[in-house]
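Residue strings, one per chain:
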Amino acid sequence: MTAKHWLIGAALGLTGTLAAMTASAQTSTLDRVKARGELVCGNHIALPGFGLQGADGRWDGLDIDLCRAVAAAIFNDPNKIKFVPTTPQMRFVVVQTGEVDMLARNATYTMSRDTTAGMAWPIINYFDGQGFMVKKALGVTEAKGLNGASICVTQGTTTELNLADFFRSNNLKYEIIGFSTNEEGVKALEAGRCDAFTTDSSGLAAERLKFAKPDDFVILPTLISREPLGPAVKRGDESWFTLVKWVHYAMLNAEEFGVTKANVDEMLKSPNPEIKRLLGVEGKFGEGLGLTNDWAYRIVKHVGNYGESFERNVGMGSRLQLKRGLNALASQGGLQYPHPIR
């Protein structure tokens, strides 16, 4: 083969490769999910209330419910999901590489992650703040009492950065003891290797449940940061971003209008035009998402509304017994604001 022929062949091969890459890029996430027959969701390895696998192999939690709601909207089956447990260090990598369709595992929405990490946050499904857990015997009642303390923290997280900011701004001294996962840090606190463990306050409540003697530990009331937690998707597919966003809003709307798993079929007969639009009785709002018009009905039928999910996973009816607080509906003084379906 002459050099000329080789160059022509190489150019044609490169053109074919680029064309294939372009075609792949143009295939939407929703199309790939439908063709695959299941949603791939990145989740927490083991965080009670948010993402935890039971002895029967079933995953449950507030974040898990969001994944199930997306699957229900697409397939009318909340179980058509492959869960991919992820560590703090790998959770964003699996989104960036496309290994998962969405990440739902208590990830904080920050400016740097939004602008430079190649990801986007459709919604916030849990508003939180960072706190501290200590042994009750330490006698500390608020965070500023930790001057000179050793603090266990998960490395490579916003938690570690917030910790440094808090102690620096308050001119306090501390010793950092870093770990790869929350689980390792919590075990170190229980074993007495550090004075305190820090993470999101909801995470502290969840991790405390794992102790042999949970009553020996107390969560301090001080919050040192704002932690808007929500699902992340790969940047570049606006339609998928929009779908995940409206799945959450559908669950909020259902709670606002009193539509539950138990009464959703009866609510199909409601004269309320907003409920009619929500459940697909009127309008064609599913079409804009690439879904059937009963997409929100499917979500409520299989998963429930946001309040139901919150209550059974992290609320007062769960082991965590967390109050709604900032996560109450806006009409109840919280920050969860259901956008209108019309």
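As for the overall build of the chain
- Regarding its fold elements, the chain presents 13 helices and 13 strands.
- Its C-alpha atoms give the chain principal-axis dimensions of roughly 75 × 70 × 40 Å.
- Looking at the chain residue by residue over its 342 residues, the buried ones come to 49%.
- For the chain, contacts bridging at least 24 residues in sequence account for 71% of all contacts bridging at least 6.
- When the accessible surface of the chain is split by element, carbon and sulfur atoms take 53% of a total near 16000 Å².
- For the chain, the separation between the mean place of its 37 positive charges and that of its 36 negative charges on side chains is 2 Å.

Quick notes on the pairing of strand β8 (residues 130-135)
- Taken across its 6 residues, β8 has 5 buried, putting it largely inside the fold.
- Sheet topology note: the β8/strand β11 (residues 196-200) ladder contains 5 bridges and is antiparallel. In the strand pairing of β11, Gln130 is matched with Asp200.

Looking at the sheet that holds strand β10 (residues 174-179)
- Spatial strand order, β10-β9-β11-β8-β12: 5 strands in an open sheet with mixed pairing. Two strands lie at the open edges of the sheet, namely β10 and β12 (217-219), each paired on one side alone. Ignoring which end each strand starts from, the neighbouring axes of this sheet average 30 degrees apart.
- Note that β8 and β12 share 3 bridges and pair antiparallel. Considered in β12, the bridge of Met133 is made with Ile219.
- Sheet contacts for helix α6 (residues 158-169): β8, β9 (149-154), β10 and β11; angle to β8, the most-contacted strand, approximately 80 degrees.
- Its contacts with the sheet put helix α7 (residues 182-190) on β8, β9, β10, β11 and β12, and the angle it makes with β11 is roughly 150 degrees.

Examining the environment of Thr154
- Along the chain, Thr154 turns up in strand β9.
- Along the primary structure Thr154 and Glu266 are separated by 112 residues, whereas in three dimensions their C-alpha atoms are 47 Å apart.
- Those residues in contact with Thr154 that sit more than four places away from it in its chain are Pro88, Gln89, Glu160, Phe179, Ser180, Thr181 and Asn182.
- Separated by 2.4 Å, the side chains of Thr154 and Asn182 make a polar contact.

Let's talk about the confidence of the model for the chain
- Averaged over the chain, the pLDDT score is 92; the fraction of residues at 70 or greater is 92%.
- pLDDT under 50 marks residues 1-24. Its contacts with residues more than four places away, or in other chains, come to 2 contacts.

Rules behind the numbers
- By convention here, each chain's residues receive numbers from 1 onward along its written sequence.
- For a predicted model such as this one, the threshold for reporting local features is a pLDDT of at least 70, and the threshold for listing and counting side-chain atom pairs is 80 or more; totals across whole chains, interfaces and linings nevertheless cover every residue.
- Calculated side-chain values reflect all of the structure's heavy atoms, with hydrogen atoms and water omitted.
- Only runs of H or I of at least four residues qualify as helices and only runs of E of at least two qualify as strands under DSSP, and these elements are numbered from the N terminus.
- Burial classes follow relative accessibility: with a 1.4 Å probe on protein chains only, a residue under 20% of its type's maximum area counts as buried, one over 50% as exposed, and anything between as partly exposed.
- The contact criterion used throughout is that any non-hydrogen atoms of two residues lie within 4.5 Å.
- For the area figures, the Shrake-Rupley method with a 1.4 Å probe applies, and any residue is considered shielded solely by the protein chains shown.
- Note on charges: Lys and Arg go in the positive column, Asp and Glu in the negative column, and His and the chain ends are not counted at all.
- Note on charges: their place is set at NZ of Lys, CZ of Arg, CG of Asp or CD of Glu.
- Note: two strands are recorded as paired if DSSP finds a minimum of 2 bridges between them.
- For helices, the fitted axis covers only the stretch in contact; all axes are lines through C-alpha atoms, and the angles between them, taken along N-to-C directions, range from 0 to 180 degrees.
- In protein, a polar contact means a hydrogen-donor-capable atom and an acceptor-capable atom, both N or O and within 3.5 Å, with residues adjacent in sequence counting only if both atoms are side-chain atoms; elsewhere, any N or O pair within 3.5 Å suffices.
- Per residue, pLDDT measures the predictor's confidence, with a range of 0 to 100.

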